[in-house]
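Structural features, examined
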Amino acid sequence: MSEIIMQIDGIEVAAEEGMTVLDAAQKAGISIPTLCYLETLEPYGACRLCTVEVEVRGRTNLVAACLYPVEKDLIVRTRTEKVDKIRKMILELLLAHAPVARGLKMQEYAEEYGADKNRFEKEPSFCIQCGLCVRYCAEIKKKNAICFVNKGPSREIQFIPEIAAKECWSCTECFPLCPTEYLQGVFVLTKALAFPSAPMGPTVEE
Amino acid sequence: MPRINSAAELEELRKGILAQKDPDKPCISVCAGIACLGSGNAEVLSAFEEEIKKQSLDAKVDLIATGCHGFCEKGPIVVIYPEEICYLEVTPEDVPEIISQTILGKQVIDRLIYTDSDTGTKAAHQSEIPFYKNQSRLLIGNSPKINPKSIEDYLAVGGYSALSKALFEMSPEGVLDEIKKANLRGRGGGGFPAGSKWETTRNAQPGVDKYVIVNAHEGEPGAFMDRALFTGNPHLILEGLIIGAYAIGSHQGFIYTRHDTPVLRKNLDLALAQAKEYGFLGDNILGSGFSFNVDVHLDVGIFVSGESSALMKSIEGMPPEPRPKYIRTSVTGIWDRPSNLNNVETWANVPQIISNGYEWYSSIGTERSKGTKLISLSGNIVNSGVVEVPMGTSLREIVFDFGGGIPNGKKLKAIHFGGPMGGTIPESLIDTPLDFDELSKLGASLGAGDMLVLDEDTCMVEMARLFLDFLAGESCGKCVPCREGMRQMLKILTNMTQGEGKEGDIKLLEEISGVVGEAALCSLGRSIQKPLISMLKYFRDEFEAHINEKRCPANACKELN
Amino acid sequence: MNNDKIEQILNEHQGQPGALIKVMMEIQEENHWLPREVLVKVSEKLEVPLSRVLRIATIYKTFSLTPKGRYQVNICTGTACQVRGAQQVLEEVQKITGIKPGETDPDMKFSLETVNCQGCCSLGPLVEIDGKTHGKTAPAEIAEALKKYE
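A brief report on the enclosed structure follows. (Residues numbered from 1 in each chain as written. Chains lettered and ligands numbered in written order. Predicted model: local features only at pLDDT ≥ 70, side-chain atom pairs only at ≥ 80, totals over all residues. Heavy atoms only, no water.)

1. A few points about the packing of helix α10 (residues 234-248) of chain B against helix α13 (residues 344-356) of chain B
Residues and elements named next belong to chain B. Direction vectors running N to C along α10 and α13 enclose 75 degrees, while the axes themselves pass 7 Å from each other. Taken together, the axes of α10 and α13 are roughly perpendicular relative to one another. Contacts between α10 and α13 involve Leu236, Ile237, Glu239, Gly240, Leu241, Ile243 and Gly244 on the former and, on the latter, Val344, Trp347, Ala348, Val350, Pro351 and Ile354. (Axes fitted to C-alpha atoms, helices over the stretch in contact; angles between N-to-C directions. Helix = DSSP H or I, 4+ residues; strand = E, 2+ residues; numbered from the N terminus. Parallel < 35°, antiparallel > 145°, perpendicular 65-115°, else oblique. Contact = heavy atoms within 4.5 Å.)

Okay, here's the thing in structure tokens:
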């Protein structure tokens, strides 16, 4: 496989074709924050926390590092003022849902980027919709016991009682993946099994 | 009807069709556009059918239900050919009189023709009515004259001659070159040069199947010109698509359209079946050796599925979530194969460019925006409807000459383009020409050509809120900036309209907008803040009044007055 | 619910995951809503994970996961209708029917929905009751029209 020489934060980095910017950075020991990324899953590009600045032939762009493919002579900047501003805002938006996130990552990131967890009014759903549980169940376990329903701001995760009743308690592998709260998965699963016929149509928002 | 196997056979057939047409035979053209149907033209059509039967006139008069005539405000519309007498706001009760007076007696019925509300001047013929007079109806002009269910009607107006020319007189490269030289720019919103896009797909992944797609999703509120054109003249778009497929080297096309326009679905299905029967689709088209097929896919109700990669996911049968990868659909689209997507109006331009040549086409319009543009006018305007004008026409002309100005003696306040991903410009910029780049510079890209006219009673804070409220139900909700940014922006704007705006809200809105615009996953997500940003640019004082004085300058926000 | 018709739709597309949206739309058009057990069947017959079926059922506006009333009332809330007073019409309809968009009244008489631009902005504010179009509506007029439905 051919070697690609590129630059991340001023350091020359050797990457291989097919890698993403995030892969290349991790290989070089440069850390880029992520919430919806897991090495064993397909990149998802939903949290946008890994946003970095790339420069190709003189043109700069903001891209998601978990998806952007490496190329020769690519220049990547992982901590510009703009990038930090975006990350701070993303964290603040998410902290409105998970203000007491016990997940270590969220807390560390909030501190690092100076995110104010009280900037937006709280709506503690405890879910930031990283989709790790949904994707782990689909891609690794191939059970599809948990899914996204609805759209826009009403989008949420739900266990599917028909499948979950058979599969989930003997697995529970998705619980520790949650970046906000281990018990989040337990809660959503219990709710789904306790109220299997709860309506799941689009929530009417006032 | 046997298949047509050569260019000569096509011309023979056309001659036959024209020979059978009696130019003096009266033809009653009843507009069956969505608005005219909604205001009762289905009943008018039935009344004509009955009356013709009753008077045994079947052989003496033709009756056709056509696509949209454009002058929706004055519907139901009926046009009588060959004189082209245009009757407005027709009711079933008028029908016996139209038959006896106009069809048999050759008399114009005065009360049914256009009357100018200011001057009292009357106009009996469609081409004399101010709404139609100065339009350049190159694309939609045939709609009143043809029955969209009849391929013969399309052939009678020269249909499929461009396809025949492309297949037999031009190479695929020649066709591509013509489109590039014509500088045809995408009509869906981006204004991206269609020729370059075609070329990218043509050259991508050699040896792999390629697809061409008609985007007839048209999900923007206030946009209805594509539906009008497609329903009224489906073969025009189909012809453009087949020519494009030939240039690109594609043998499979898709049409992606809305499920909730039953007339469009019916006309489209019929058009595809007829095109197949006549040999314009399928194997060995017109005996040229080129083969091409088309499938129809339906959107069942979410705006985000108009986004190109989401649309392609939907065609694959997957949830319509935009694809996060950094690859272009023109290179890696449906099932990862090169896929060229253009909207209805873009495809509709192709046949005339091939027939008349790029020099003719590029003589119309401005330096960088060529051809005509379909505009759907809606909102606080006297004449809502579909207008087709050359690029470069001033907005003033569109709003006041074609649109008839603002109703109820109100003043024009602003014009909004491009729906929930578009932008607003104030009345003071009304002399701006219709042009992709000029409008872009002002922060209000032309979009698909939907112009929402707003009068002085419109509150811009509420407008900004409405657009975000719409998007909240129409975005996929996958990425954080779009989903959460929208949630917070909507909250802030709602608070403002309810007298609960706080100092710093505008700054916060701008900050969220900045992040959404740069970090969201797809082009929809990166555009949700655009209406708001343009309104903050031109109407900032209104936002400030809501916050600082708890006052709505337009007197529209109930809680503040 | 016409089970035979639903079976027929499912059988026609057995083992065709790509036909998912089409099948769901046909069932919706036939049955006016998608019962849970039908969605499970769709998943089995088309060999598509139930998670994808549910995702699609909850993302598109056309699909209903609850039964519908005898008369469907659709109020266009496209921007053109909004600037011409759709909100007042909507409020009036909510007052009369006692239901909000997305709901069906307990007597199963009316179901209310707000719909996106219908493409006939010249008729705004636009209301559709049981398939019949009412254009340029005023609140009082719609109140009168609703009375006719039993």
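2. A word on the interface of chain B and chain A
Of the residues lining the interface, 30 residues belong to chain B; the matching set on chain A comes to 32 residues. Together, the buried faces of chain B and chain A total about 2,800 Å²; carbon and sulfur atoms form 58% of this surface. One salt bridge in this structure joins glutamate 518 of chain B and lysine 82 of chain A, with 3.4 Å as the shortest N-O distance. In this structure, the connection of chain B to chain A is made through 18 residue pairs in polar contact (both at pLDDT 80 or more). Going through the elements one at a time, α18 (480-497) and α19 (505-519) of chain B are the ones with two or more residues in the side of chain B that touches chain A. (Buried area = accessible area lost by both parts, 1.4 Å probe. Salt bridge = Lys/Arg side-chain N within 4 Å of Asp/Glu carboxyl O. Polar contact = N/O pair within 3.5 Å; in protein donor to acceptor, adjacent residues only side chain to side chain.)

3. Quick notes on the environment of lysine 210 of chain B
Residues and elements named next belong to chain B. Residue placement: lysine 210 occurs in the loop between α8 (194-203) and β7 (211-216). Among the residues examined, lysine 210 registers a relative accessible area of 7% and is labelled buried. In the structure, lysine 210 is positioned 40 residues away from methionine 170 in sequence and 20 Å away in space, judged by C-alpha atoms. Ignoring any residue separated from it by four or fewer positions in sequence, one finds lysine 210 in contact with Thr201, Arg202, Ala204, Gln205, Ile248, Gly249, Ser250, His251, Gln252 and Pro338. Within polar-contact distance, the side chain of lysine 210 engages the backbone oxygen of alanine 204 at 2.8 Å. (Buried < 20%, exposed > 50% of the residue type's maximum accessible area, 1.4 Å probe, protein only.)

4. With respect to helix α20 (residues 530-548) of chain B
Residue and element names in this part refer to chain B. Its 19 residues place the ends of α20 only 24 Å apart at the C-alpha level, less than the 27 Å of an ideal helix rising 1.5 Å per residue. The principal kink in α20, of about 95 degrees, is found at phenylalanine 539. Within the span of α20, buried status applies to Pro531, Leu532, Ser534, Met535, Leu536, Phe539, Glu542, Phe543, Ala545, His546 and Ile547. Tucked inside the fold, the buried residues of α20 contact β13 (412-417), β14 (423-426), α17 (460-472), α18 and α19. Among the residues trailing α20, lysine 550 stands out with phi positive, at a value near 50 degrees. (Expected span 1.5 Å × (residues − 1). Bend = angle between axes of the 7 residues up to and from the residue.)

5. Digging into the side chain of arginine 187 of chain B
With respect to the element layout, arginine 187 of chain B can be found in the loop between α7 (172-182) and α8. Here the side chain of arginine 187 of chain B touches arginine 185 of chain B through a polar contact of 2.8 Å, landing on its backbone oxygen.

6. Quick notes on the sheet that holds strand β9 (residues 293-299) of chain B
Residues and elements named next belong to chain B. The sheet built from four strands is open, its strands ordered β9-β8-β7-β10 with parallel pairing. Both outer strands of the open sheet, β9 and β10 (339-343), are each paired with one neighbouring strand and no more. Neighbour-to-neighbour, the strand axes of this sheet turn through a mean angle of 20 degrees, independent of strand direction. Two strands pair when backbone bridges link them, and strand β8 (residues 252-258) and β9 are joined in this way by seven bridges, in the parallel orientation. When the sheet's bridge partners are listed, threonine 257 is paired in β9 with leucine 298. Sheet strands touched by α10: β7, β8, β9 and β10. Its angle to β7, the strand with the most contacts, is close to 150 degrees. Helix-sheet contacts for α13 involve β7 and β10, and the interaxial angle to β10 is about 90 degrees. (Pairing = 2+ DSSP bridges.)

7. A word on the packing of aromatic side chains
Residue and element names in this part refer to chain B. Tallying each qualifying case throughout the model produces 21 aromatic pairs over all chains. Ring plane angle 10 degrees and centroid distance 4.4 Å describe the contact between phenylalanine 71 and phenylalanine 131, whose orientation is recorded as stacked. Of the two residues, phenylalanine 71 is situated in the loop between β2 (62-66) and β3 (78-81) and phenylalanine 131 in helix α4 (residues 130-133); the sequence distance between them amounts to 60 residues. Residue classification places phenylalanine 131 among the buried positions, given a relative accessible area of 2%. Ring centres of phenylalanine 71 and tyrosine 132 lie 5.8 Å apart, and the angle between their planes is 85 degrees; this geometry places the pair in the edge-to-face category. Taken together, the residues phenylalanine 71 in the loop between β2 and β3 and tyrosine 132 in helix α4 connect sequence positions 61 residues apart. The class for phenylalanine 71 is buried, based on a relative accessible area of 1%. (Phe/Tyr/Trp six-rings, centres within 6.5 Å; stacked < 30°, edge-to-face > 60°.)

8. What to know about empty space enclosed by the protein
All names here are of chain A. Per the stated rule, a full pass over the model turns up seven cavities of 30 Å³ or more. What the largest cavity holds in volume is close to 150 Å³. Lining the largest cavity are 16 residues, and of these Cys130, Cys133, Ile157, Cys178 and Gln184 sit closest to its centre. Among the secondary structure elements, those contributing two or more residues to the lining of the largest cavity are α4 (132-140) and α6 (182-194). Partitioning the lining of the largest cavity into residue classes produces eleven nonpolar, five polar and no charged. (1 Å grid on protein atoms, 1.4 Å probe; cavity = no way out; pocket = protein on both sides within 12 Å on 5 of 7 lines; lining within 4 Å. Points joined across faces, edges and corners; volume = space filled by probe spheres on them. Nonpolar A, V, L, I, M, F, W, Y, C, P; charged D, E, K, R; others polar.)

9. Here we look at the sheet that holds strand β5 (residues 75-77) of chain A
Residue and element names in this part refer to chain A. Spatial strand order, β2-β1-β5-β3-β4: five strands in an open sheet with mixed pairing. At either end of the open sheet lies a strand with only one pairing partner, and these are β2 (11-16) and β4 (59-64). Taking each pair of neighbouring strands and ignoring which way they run, the sheet shows an average axis angle of 35 degrees. Strand direction decides the pairing type here: strand β3 (residues 51-56) and β4, joined by six bridges, are antiparallel. Considered in β4, the bridge of glutamate 55 is made with threonine 60. In the packing of helix α2 (residues 81-95) onto the sheet, the strands contacted are β3, β4 and β5, and the crossing angle to β3 comes to about 150 degrees.

10. Comments concerning the pattern of salt bridges
Under the criterion given, the structure shown has 58 salt bridges over all chains. Here arginine 36 of chain C ties to glutamate 162 of chain A by a salt bridge, and the two come within 2.9 Å at their closest N and O atoms. Linking arginine 36 of chain C in helix α3 (residues 36-46) with glutamate 162 of chain A in helix α5 (residues 161-167), this pair reaches from one chain into another. Classification of arginine 36 of chain C by relative accessible area gives partly exposed; the value is 24%. Salt-bridge contacts for glutamate 484 of chain B lead to arginine 483 of chain B; the nearest nitrogen and oxygen are separated by 2.8 Å. Of the two residues, glutamate 484 of chain B and arginine 483 of chain B, neither departs from the other in class, the shared state being buried. Counted as one network, the salt bridges with shared partners bring together Glu121 and Glu123 of chain A together with Arg483, Glu484, Arg487 and Lys491 of chain B.

11. A word on the state of the cysteines
With the rule as written, the count across this model stands at zero disulfides over all chains. No disulfide involves cysteine 178 of chain A; its sulfur sits 6.1 Å from that of cysteine 130 of chain A, the nearest cysteine. Overall, the relative accessible area of 24% leaves cysteine 178 of chain A in the partly exposed class. Here cysteine 27 of chain B stays unpaired: no disulfide links it, and the sulfur of cysteine 31 of chain B, its closest cysteine neighbor, is 13 Å away. (Disulfide = S-S within 2.5 Å.)

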